[in-house]
Amino acid sequence: MKRAAIIVLDGLGIGPCPDQAAYGDAGSDTLGNVARAVGGLRLPNLERLGLGLCRPILGLTPGLLGPTAAHGVGLPRSQGKDSTTGHWEICGVILERPFRTYPRGFPTSLLDEFARRTGRGYLGNKAASGTEIIAELGAEHQRTGKWIVYTSADSVFQVAAHEETVALDELYRACAIARDLLVGEHTVSRVIARPFAGRPGAYERTPRRKDFSIEPVGETLLDRLAAAGVPRVGIGKVDDLFAGRNIASEHTPTNADAYRLIERGLDDTGAEFIFANVIEFDQTWGHRNDVPGFHEGLKQLDAWIPRLEARVRGDDLIILTADHGNDPTTPSTDHSREAVPILALGPRVRPLALGERSTFADMGATVGEYFGVVPPPLAAGTSFLSGVRA
């Protein structure tokens, strides 16, 4: 019986990669900068796995308590630094060109057509923080019924609406319309429904976000596992990132919810692949530059590690990683181009150094080899399974 999991700690980058400056992210080092900001991290369980051996991190003594996991870093090869790009690369799809971004807003002609098809006008049309733009335009939106449309440094078209002003079904339909419009030269990675609630001065986003992604442009690990008959269990927003192709997922508004579902998945005795996205390092703390919250989230992750390890047995292979950075210590509230940690554990995994892997796709290639699926010709990624398997 074979069971494997890739657990993506969204936004938990581990510092520089060779082309970081080209993305305007020189100096971004999510884990390293958070550690320095709080005077050093105390994460004994992650330290024992080998996190401090992936890259030097203040407070984590390399090798003091372990390591008990294979450890290293993955360098991004795809062009871009968003969740879709990162998850696709993990699963073997490399983008030669980044998704288009709109730092100055979307073309008026496109938004006018969006308004015509949805029956509502629009406000905003600029790059903005999600919490800041609903604070700025929420009252006007409620008064006029117009959509709040905004973007970020990533390739996203985001539509915010108050749940008492616009029904969720209507918001989702509007985003589906936007997805149909944003193709060809205007293709964006994701259209995101951003419902919110509350009163002026106290608006809050609700957990009923919904993403509308494009399908992967190549064959993914999920496609190959499906063809081989390997069950796939999604946790968090992974289904949205792959447009639901060969993955279904239960969404999780908090890290704790994701941890609970991972535990439930591993309590199952059947063979399967678990693909999980743990969202709050990115959504709740990274995008809001909340260093104390990020630090608390790391401590919660560390406290959960023994619960994960207690469920790992037999031939299991578990990989902890990330999809990009989101450094809460920098002025930016957007994603950062960074390397990601790789921690691979299991009863038969030897705690060896993996070094710097040239692409996130090495993780997907490793899981593919573990399940015995044949990679397509010229597939991205090199498996490290034989090197760490006892």
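About the cut-offs
- Residues numbered from 1 in each chain as written.
- Predicted model: local features only at pLDDT ≥ 70, side-chain atom pairs only at ≥ 80, totals over all residues.
- Heavy atoms only, no water.
- Helix = DSSP H or I, 4+ residues; strand = E, 2+ residues; numbered from the N terminus.
- Buried < 20%, exposed > 50% of the residue type's maximum accessible area, 1.4 Å probe, protein only.
- Contact = heavy atoms within 4.5 Å.
- Phe/Tyr/Trp six-rings, centres within 6.5 Å; stacked < 30°, edge-to-face > 60°.
- Lys NZ or Arg CZ within 6 Å of the ring centre and 35° of its normal.
- Polar contact = N/O pair within 3.5 Å; in protein donor to acceptor, adjacent residues only side chain to side chain.
- Axes fitted to C-alpha atoms, helices over the stretch in contact; angles between N-to-C directions.
- Parallel < 35°, antiparallel > 145°, perpendicular 65-115°, else oblique.
- Left-handed = near helix turned anticlockwise from the far one by under 90°.
- Nonpolar A, V, L, I, M, F, W, Y, C, P; charged D, E, K, R; others polar.
- 1 Å grid on protein atoms, 1.4 Å probe; cavity = no way out; pocket = protein on both sides within 12 Å on 5 of 7 lines; lining within 4 Å.
- Points joined across faces, edges and corners; volume = space filled by probe spheres on them.
- Salt bridge = Lys/Arg side-chain N within 4 Å of Asp/Glu carboxyl O.

1. Describing the environment of F360
Within the secondary structure, F360 sits in the loop between β14 (353-357) and α13 (361-371). Given the relative accessible area of 2%, F360 is considered buried. Taking the C-alpha atoms as reference points, F360 and T321, 39 residues apart in sequence, are found 9.1 Å from one another. With sequence-adjacent residues up to four places away left out, F360 is seen in contact with G74, L75, P76, G86, E89, I90, D323, E338 and V340.

2. Brief notes about the packing of aromatic side chains
In the structure shown here, the tally under the stated rule is 12 aromatic pairs. Ring geometry for F196 and Y203: centres 5.1 Å apart, planes at 80°, overall edge-to-face. Across this residue pair, the class does not change: F196 and Y203 are buried. Aromatic rings pair up to connect Y102, F106, F114, W147 and F157 into one cluster. Sitting over the face of the ring of Y370, K2 holds its NZ or CZ atom 4.6 Å from the ring centroid. Its end group placed over the ring of F212, K210 keeps NZ or CZ at 5.5 Å from the ring centre.

3. Quick word on helix α4 (residues 83-90)
Counting buried positions along α4 yields 8 of 8 residues, so the element is predominantly enclosed. All buried positions along α4 are accounted for by S83, T84, T85, G86, H87, W88, E89 and I90. One side-chain oxygen of the residue at the start of α4 lies 3.0 Å from the amide nitrogen of T84, identifying that residue as D82. In the stretch just after α4, G92 is the one whose phi turns positive, near 100°.

4. A short note on the packing of helix α5 (residues 108-118) against helix α7 (residues 168-181)
Each pair of packed helices can be summarised by the angle the axes make with each other and by the distance between the axes. Taken N-terminus to C-terminus, the directions of α5 and α7 make an angle of 140°; their axes are 10 Å apart at the nearest point. Relative to α7, α5 is oriented oblique. The handedness of the crossing between α5 and α7 is right-handed. Contacts between α5 and α7 involve L110, E113, F114, R117 and T118 from the first element and E170, A174, I177, A178 and L181 from the second. Across the contact of α5 with α7, the residue classes tally to 6 nonpolar, 1 polar and 3 charged.

5. Points about empty space enclosed by the protein
Tallying each qualifying case throughout the model produces 3 cavities of 30 Å³ or more. Roughly 70 Å³ of volume is contained in the largest cavity. If you trace the largest cavity, you find 14 residues lining it, with P76, G80, K81, D323 and R337 closest to the centre. Residue composition of the lining of the largest cavity, grouped by class: 2 nonpolar, 6 polar and 6 charged. For the second largest cavity, the calculated volume is near 60 Å³. Around the second largest cavity sit L9, L12, L46, L51, L301, L320, T321, P341 and L343, which together line it. For the lining of the second largest cavity, the secondary structure elements donating two or more residues are β12 (317-321) and β13 (340-345). Considered class by class, the residues forming the lining of the second largest cavity number 8 nonpolar, 1 polar and no charged.

6. A word on the pattern of salt bridges
Tallied over the entire structure, the rule returns 26 salt bridges. Residues E113 and R117 are paired through a salt bridge, measuring 2.8 Å at the closest nitrogen-oxygen approach. In this pair, E113 and R117 are both assigned in helix α5, 4 residues apart and thus about one turn of the helix distant. Via salt bridges that share partners, K2, D315, R348 and R389 belong to a single interconnected network.

7. Re the side chain of H335
Along the chain, H335 falls in the loop between β12 and β13. Given the relative accessible area of 2%, H335 is considered buried. A polar contact of 3.0 Å, which involves the side chain of H335, links it to the side chain of D282. In this structure, H335 is in contact with D25, K81, D82, S83, D154, R190, D282, H287, H324, G325 and N326, ignoring residues within four places of it in sequence.

8. Points about the environment of H71
Secondary-structure assignment places H71 in strand β2 (residues 70-74). What H71 contacts, discounting residues up to four positions off in sequence, is G50, L53, C54, I342, L343, P351, L352, A353, L354 and G355.

9. Description of α13
Because an α-helix packs 3.6 residues into every turn, residues spaced three or four apart end up facing the same way. For α13, the tally of buried residues reaches 10 of 11 residues, placing the bulk of the element in the interior. Of the residues one or two after α13, G372 is the one with positive phi, at around 75°.

10. Describing the layout of surface pockets
Quantified by volume, the largest pocket comes out at close to 360 Å³. As for the largest pocket, its lining consists of 19 residues, of which T206, P207, R209, P253 and Q283 are closest to the centre. Mapped by element, the contributors of at least two residues to the lining of the largest pocket are β6 (190-197) and α11 (280-286). Partitioned by chemical class, the residues of the lining of the largest pocket number 4 nonpolar, 7 polar and 8 charged.

11. Side note on unusual backbone geometry
Positive phi, normally seen in glycine, also occurs at A243, with a value near 55°. Positionally, A243 belongs in the loop between α9 (238-241) and β10 (249-250). The phi angle at N246 is positive, at roughly 60°, despite the residue not being glycine. Checked against the element boundaries, N246 lands in the loop between α9 and β10.

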